[in-house]
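Take a look at the letters that make up each chain.
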Amino acid sequence: MIFNNAGVALSGTVDSLSIEDYKWIMDINFWGVVHGTRAFLPLLSEQPEAHIVNTSSIFGTVFIAC
């Protein structure tokens with residue numbers, strides 16, 4: 001089993017957050033899960049039974065406040 005459990009949040013309006021802020025949050029919340037899953041997928045695929053579990057806090061459903 002692999003458990004992807006990463007998540008960070010930012011608070012602010014669209015015009016108050018920088019592009020770097022958006023890149024930072026996407027690198028952790030999205031790409032962290034993608035890279036983590038891809039890193040272990042070959043090993044998991046060789047197993048007779050395997051699971052990938054992605055978890056998130058409520059901030060996984062809230063990106064920014066406008």
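Structural data are supplied above this passage.
Residues numbered from 1 in each chain as written. Predicted model: local features only at pLDDT ≥ 70, side-chain atom pairs only at ≥ 80, totals over all residues. Heavy atoms only, no water.

## Examining the packing of aromatic side chains
The geometry of an aromatic ring pair comes down to the distance between the two centres and the angle between the two planes.
Reasoning step 1: In total, this model carries one aromatic pair according to the counting rule given.
Reasoning step 2: Both rings, one in phenylalanine 30 and one in tryptophan 31, keep their centres 4.7 Å apart while their planes meet at 75°; by these two values the pair is edge-to-face.
Reasoning step 3: Here phenylalanine 30 falls in the partly exposed class, since its relative accessible area comes to 39%. (Phe/Tyr/Trp six-rings, centres within 6.5 Å; stacked < 30°, edge-to-face > 60°. Buried < 20%, exposed > 50% of the residue type's maximum accessible area, 1.4 Å probe, protein only.)

## Some words on the environment of tryptophan 24
Reasoning step 1: By the element assignment, tryptophan 24 lies in helix α1 (residues 19-45).
Reasoning step 2: A sequence separation of 15 residues divides tryptophan 24 from alanine 9, and the C-alpha atoms of the two residues are 9.9 Å apart.
Reasoning step 3: What tryptophan 24 contacts, discounting residues up to four positions off in sequence, is Val8, Ala9 and Leu10. (Helix = DSSP H or I, 4+ residues; strand = E, 2+ residues; numbered from the N terminus. Contact = heavy atoms within 4.5 Å.)

## Digging into α1
Reasoning step 1: Here α1 contains 27 residues, and its C-alpha end-to-end distance of 36 Å stays within 8% of the 39 Å for a straight helix at 1.5 Å per residue.
Reasoning step 2: Tucked into the core, α1 has its buried residues touching β1 (2-5) and β2 (52-55). (Expected span 1.5 Å × (residues − 1).)

## A few points about the side chain of threonine 37
Reasoning step 1: When you line up the elements, threonine 37 lands in helix α1.
Reasoning step 2: Residue classification places threonine 37 among the buried residues on the basis of a relative accessible area of 15%.
Reasoning step 3: Setting aside its immediate chain neighbours within four residues, threonine 37 contacts Ile2, Asn4, Ile52 and Asn54.

## What about the side chain of asparagine 4?
Reasoning step 1: Looking at the element boundaries, asparagine 4 is found in strand β1.
Reasoning step 2: Exposure remark for asparagine 4: the relative accessible area of 9% places this residue in the buried category.
Reasoning step 3: Residues in contact with asparagine 4, not counting those within four places in the same chain, are Val33, Gly36, Thr37, Ile52, Val53, Asn54 and Thr55.

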